[in-house]
Amino acid sequence: MSQSWSMSWLTVETPLPSGPMHIAVTPQGVAAAGYGGRADELPPCTDASKVSLVTERITAYLAGRSRELGLPIDWSRSSGPHRAVLQTLWREVPYGRTVTYGELAARSGVFEDVTEPGLAARTVGQMMAANPVALLVPCHRVVAADGIGGFGGGRVGIEVKRWLLTLEGVLEPTLDWNGPL
């Protein structure tokens, strides 16, 4: 059940290739997080303590000063198998590690009856694209069996995924890396 009636929005400036992050908070926690700020969302978050906490935690994480965001998550924007896969990722794939789409499908237990080759992995890919709480539930850590895989937002999305995986030490920094060392 969506808690959209109680969502309020804030924007956090980031060093990510996509620019600022757009975050929705509810009394339960962060309900939405996306790359690229959108000033048109209403209502704005007026709770200074929430704005400060979210901004501080995301900023510290992206600056390499913290390996955990430690923010409560409002899971109301996902349900059923989607929530089960997201929660498996959140619980089982820590900072600096990756998992393939197929491995995450198997770990989640959601696809035990799926027999078509590749279907579970493709479905997990679609679930990652629909992750309502990006970064908090680290869909950037889910990769293809033969490479980095996709990421929402097209070319900029892939750049965000590479940036985050470099931050976490999964990928080596390139000459154009603008993150913390």
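Rules and cut-offs
Along each chain, numbering runs from 1 in the same order as the chain's sequence is written. Given that this is a predicted model, residues contribute local features only at a pLDDT of at least 70 and side-chain atom pairs are listed and counted only at 80 or more, while totals for whole chains, interfaces and linings are drawn from all residues. Hydrogens are left out, water is left out, and the side-chain values use all remaining heavy atoms of the structure. UniProt positions are given in the numbering used here, feature names are shortened, and annotations may be inferred rather than shown by experiment. To define a nonpolar core, start from buried Ala, Val, Leu, Ile, Met, Phe, Trp, Tyr and Cys residues and group those joined through side-chain atoms within 4.5 Å. Under the scheme applied here, a residue whose accessible area is under 20% of the maximum for its type counts as buried, over 50% as exposed, and between as partly exposed, the area being computed with a 1.4 Å probe on protein chains only. Note on conventions: DSSP H or I runs of at least 4 residues are helices, E runs of at least 2 residues are strands, and numbering of each starts at the N terminus. The contact definition used throughout considers only heavy atoms, calling two residues in contact when any of these lie within 4.5 Å. Two strands pair under a simple rule: DSSP has to find at least two bridges between them. To be clear, the arc concerns the directions from the helix axis to the C-beta atoms.

As recorded in an unreviewed UniProt entry, the protein goes by Methylated-DNA--protein-cysteine methyltransferase and comes from Streptomyces sp. Y1. Its UniProt record, at the heading Function (unreviewed entry), says of the protein: "Involved in the cellular defense against the biological effects of O6-methylguanine (O6-MeG) and O4-methylthymine (O4-MeT) in DNA. Repairs the methylated nucleobase in DNA by stoichiometrically transferring the methyl group to a cysteine residue in the enzyme. This is a suicide reaction: the enzyme is irreversibly inactivated."

(A) Examining the nonpolar core more closely. Counting residues in hydrophobic clusters, the biggest one holds 45 residues, and the most contacted among them are I23, V30, V54, I58, L89, V124 and M128. Listing elements by their share of this core, those giving two or more residues are β1 (8-12), β2 (21-26), β3 (29-35), α1 (48-62), α2 (80-92), α3 (101-108), α4 (119-129) and α5 (154-167). Those residues within four positions of V30 in sequence are excluded, and the remaining contacts are I23, A24, V25, V54, L71, P72, I73, D74, V133 and L136. With 5 residues, the next largest nonpolar core counts M7, W9, A31 and A32 among its residues.

(B) Representation of the pairing of β3. Taking burial as the measure, the 7 residues of β3 include 5 buried ones, the bulk of the element. Of the pairings in the sheet, the one linking β2 to β3 comprises 6 bridges and is antiparallel in character. By the bridge assignment, T26 is partnered in β3 with G29. The antiparallel hairpin formed by β2 and β3 contains 2 residues in its connecting segment.

(C) Spotlight on α3. Buried within α3 are the following residues: Y101, L104, A105 and S108. The buried residues of α3 all sit within an arc of 105° when viewed along its axis, so they share a single face. G109 sits one or two residues past α3 and shows a positive phi near 75°.

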